[in-house]
Amino acid sequence: MAAPFRLRLIPFGRSVWTDAVRPDPPPVSMIDLLARLKHLVRSGRLADAHRLFDGMPYRDEVSYATLLAGHAAAGDFPGAMALFSRLRASSPPLAAADPFVLSLVFKSCAEAADAGFLPHAASLHAFSVRSSAVSSVFVATALADVYAKGRCLGLALKMFDEMPHKNVVSWTTLVASLTRAGRRHEALRRFSEMRTSGVHCDSYAYAAALTACADAGLLSRGREVHAFCAKLGLDTTPYVANTLATLYARCSDVDSTLAAVSRMGTRDVAAWTTVIAAYMQTGRAKEAIETFVRMLREESSAAASPNEYTYAAIIAACADIAWVCIGEQLHAQDARKGFAGARSVANSLVTLYTRDAGCLSAADAVFRESLVKDVVSWSAIISGYAQEGLDEDAFTLFREMRHHSSCPRPNEFTLASLLSVCATAAALDAGRQLHALAVAAGLEHHAMIRSALIAMYGKSGSMLDADMVFSHRVKDDVVSWTAMIVGHAEHGHSKKALELFKEMCRVGLKPDHVTFIGVLNACCHAGEVELGLRYLNEMNQSYGLHPAKEHYGCVVDLLGRAGRINEAEELIGKMAANEKDGVVWTSLLRACAARGEEETGKKAAERAMEAEPWGAGAHVAMANLYANKGQWHEAAQERYMMKQKGVVKGAGWSSIAVGGEGKRVGVFVAGDHTHPQDSAIYRMLELIYYGAGMARYVPDQLDLGSELDMMISS
DNA sequence: CTAGGGTTAG
């Protein structure tokens, strides 16, 4: 490409020879050169473009801008800055404050999405002010976008405020920036302002407004915007159609999603992916996978082959129904197609492998091998360790995340996972620190965080704190209500739990499966047999929820404790065969043991052992039953059978954190004498019992016994 | 020759 100009530099003698063999090509005009440069930039051949650029007889602002567009598209801010410096140093001098040039340099920075470049952008901002280039709406908009994408929304908003004349693009940038920052309602207010200011909206503007609606789940507002763009015929443009589809998908309206997609000529990749996602969001993983298969079948005719987003979605579908083996095949396909390195695919693979406890190391491997990690990557792997109860690993990863060079900000998913770790470990101090982090991140009132905080405080024994969080509730969050009910139930505040349940129903909230676990648990603690039976019935009749084994288990326990053993046995009979697990039979057995019901007890023990041949609970309970009746021989027989089968009675471990800063966690079992200071510890324990006795908190011996039993059998 | 938009993962 650069050849014509090089030829003239060749020494005269050879030039004659060259001319004789190959005549000098006709002189190429600057206009042609620019067209060639533009073509190279458009086709992404940046190195070739640079060669042509260097060979040009002279370079003006237009040629610089053309080449800069290539760096902007590639998100190459350093390259753009290098070119900009060259322009400033050029002789004869060129206008560095050219609005075309500056807006492209800013765009390259916005595309780069690297917060480290922000100071350079700020100094270019100063240059733009000094040279009055900011008065260009192009420069100002590009710069505002840099600030917004660089997490400096305040600065971006200031830029928008100071823009004397906003056009569609600047308005749209404003709306999109607010949406990205999670301020969707403000974004929509600005969208209305744009419309009343008389600016003509285009498809970009509608897409931005629809995204705000989709993110905020504002279905009716979205329908309004839909009507506006349908009137202008813009709902057939691919971007708008896909944004509409996303809106309806987020609102779980699959029919409208399909309708929106059908408005565009042919489904593109994004449309297929949105449809798959819509099925996913409505819990129809099978249909999502069917859609993917259909997409593959139509791939050749429709020219919409799955991309990394599609694979991310479909692997997520496999994760959702724990189809790890199919997901593994998709993993292999991705590796072949070169998608496996894509962050979105890596993230959904991590999620897939965390679905199966045995695959946690695979999840870890995918996580470690992914080059670019974001909040989602970290949250996914943290949640994997959290689900397995590996609290140490989860927190180690969190620490690593916070010290990582990309310093991703923890969001609601990260903090909710860690809070669930604190809940299971009853780690109140760590939970409080996470609470502080949530406040600092402005996530305090997020539904996911609020319910996680309530559960954490509840499980850590601080219902007062749980109540504090709950009092800031939004009225339609079933999960938070449920966490409160479960919390009170677990603390034995049965009355409070049942009152909350009634209030929840009164304000029109629909309880779910988990809510009823809390409710039945509360009935169980309070010995409210009739109420428990009524709620179990109501769950089915009034709320259309099929009781699961957890619910039956609760009521079986309730009936058993009340000595209504026949009814408990009858209730078990109503359960589906595959639901009758060791837990429910053990509940019945425990009731029989307490009442000396040998016959039913034997039956229950047999069933429990069938369900859990590895379990020790049934043997222990039977041994206790015989021992209580003084049938020492039979009791010994049970112990002997246990030994023969090789079942090991799992010890109930307890843990306690000792000391303040850098404290250590100690673990122990009942009757433990392994600690070097055990005699001192037991003496202290006696003092505590004595003190508790003075305060009339002597634990009921019988109750303590059954608690221990439960601990052993669990 | 310039600025803005849709699909995914926890």
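Procedures and definitions
- Residues numbered from 1 in each chain as written.
- Chains lettered and ligands numbered in written order.
- Predicted model: local features only at pLDDT ≥ 70, side-chain atom pairs only at ≥ 80, totals over all residues.
- Core = buried A, V, L, I, M, F, W, Y, C linked by C-beta atoms within 7 Å.
- Buried ≥ 20, exposed ≤ 12 C-beta atoms within 10 Å, placed from the backbone.
- Helix = DSSP H or I, 4+ residues; strand = E, 2+ residues; numbered from the N terminus.
- Contact = placed C-beta atoms within 7 Å.
- Axes fitted to C-alpha atoms, helices over the stretch in contact; angles between N-to-C directions.
- Parallel < 35°, antiparallel > 145°, perpendicular 65-115°, else oblique.
- Near = placed C-beta within 6 Å.
- Nonpolar A, V, L, I, M, F, W, Y, C, P; charged D, E, K, R; others polar.
- UniProt positions renumbered as here; feature names shortened; annotations may be inferred.
- Expected span 1.5 Å × (residues − 1).
- Arc of directions from axis to C-beta.

Here's the deal with the nonpolar core
In step 1: Counting residues in hydrophobic clusters, the biggest one holds 197 residues, and the most contacted among them are Leu68, Ala209, Ile276, Ile314 and Ile315.
In step 2: A total of 10 residues in this core trace back to one element, the largest contributor, which is helix α19 (residues 308-320).
In step 3: Each residue touching Ile315, except ones within four places of it in the same chain, is listed here: Gly327, Leu330, Val345, Ser348, Leu349 and Leu352.

Describing the packing of helix α27 (residues 447-459) against helix α29 (residues 478-490)
In step 1: Relative to each other, α27 and α29 sit at 0°, their axes nearing to 9 Å. On the basis of their axis angle, the class for α27 and α29 is roughly parallel. Contacts from Ala447, Arg450, Ser451, Ile454, Ala455 and Gly458 of α27 reach α29 at Val479, Ser480, Ala483, Met484, Val486, Gly487 and Glu490.

Things to note about the protein's contact with DNA strand B
In step 1: The full set close to DNA strand B counts 67 residues, and Ala65, Phe138, Tyr204, Tyr239 and Ser344 are the nearest of them.
In step 2: In terms of residue class, the surface near DNA strand B is made up of 36 nonpolar, 23 polar and 8 charged.

Some thoughts on the environment of Tyr309
In step 1: Considering the arrangement of structural elements, one finds Tyr309 in helix α19.
In step 2: Of the residues examined, Tyr309 has 20 C-beta atoms within 10 Å and is grouped as buried.
In step 3: With 204 residues separating them along the chain, Tyr309 and His513 place their C-alpha atoms 33 Å apart.
In step 4: Beyond its immediate chain neighbours, meaning those up to four positions away, Tyr309 contacts Thr273 and Ser344.

Some details on the environment of Cys201
In step 1: With respect to the helices and strands, Cys201 occurs in the loop between α12 (184-196) and α13 (203-216).
In step 2: Beyond its immediate stretch of four places on either side in the chain, Cys201 contacts Val168, Arg195 and Tyr206.

Examining the UniProt feature "repeat: PPR" (unreviewed entry) in chain A
In step 1: Here, UniProt's "repeat: PPR" (unreviewed entry) annotation points to residues 60-94, 167-201, 268-302, 374-408 and 477-511.
In step 2: Counted over residues 167-201, helix gives 74% and strand 0%. Its end C-alpha atoms are 9 Å apart.
In step 3: Counting secondary structure, residues 477-511 comes out at 74% helix and 0% strand; the distance between its end C-alpha atoms is 10 Å.

Points about helix α20 (residues 324-337)
In step 1: With 14 residues, α20 ought to run about 20 Å at 1.5 Å a step, and its terminal C-alpha atoms sit 20 Å apart, in line with that.
In step 2: The complete set of buried residues in α20 reads Gly327, Leu330, His331 and Asp334. What you see down the axis of α20 is that its buried residues fit within an arc of 110°, all on one side. Exposed and facing more than 90 degrees away from the buried side of α20 are Cys325, Gln329, Ala332, Ala335 and Arg336.
In step 3: Looking at the buried side of α20, the elements it contacts are α19 and α21 (343-354).
In step 4: Two residues or fewer past α20, Gly338 is found with a positive phi of approximately 80°.

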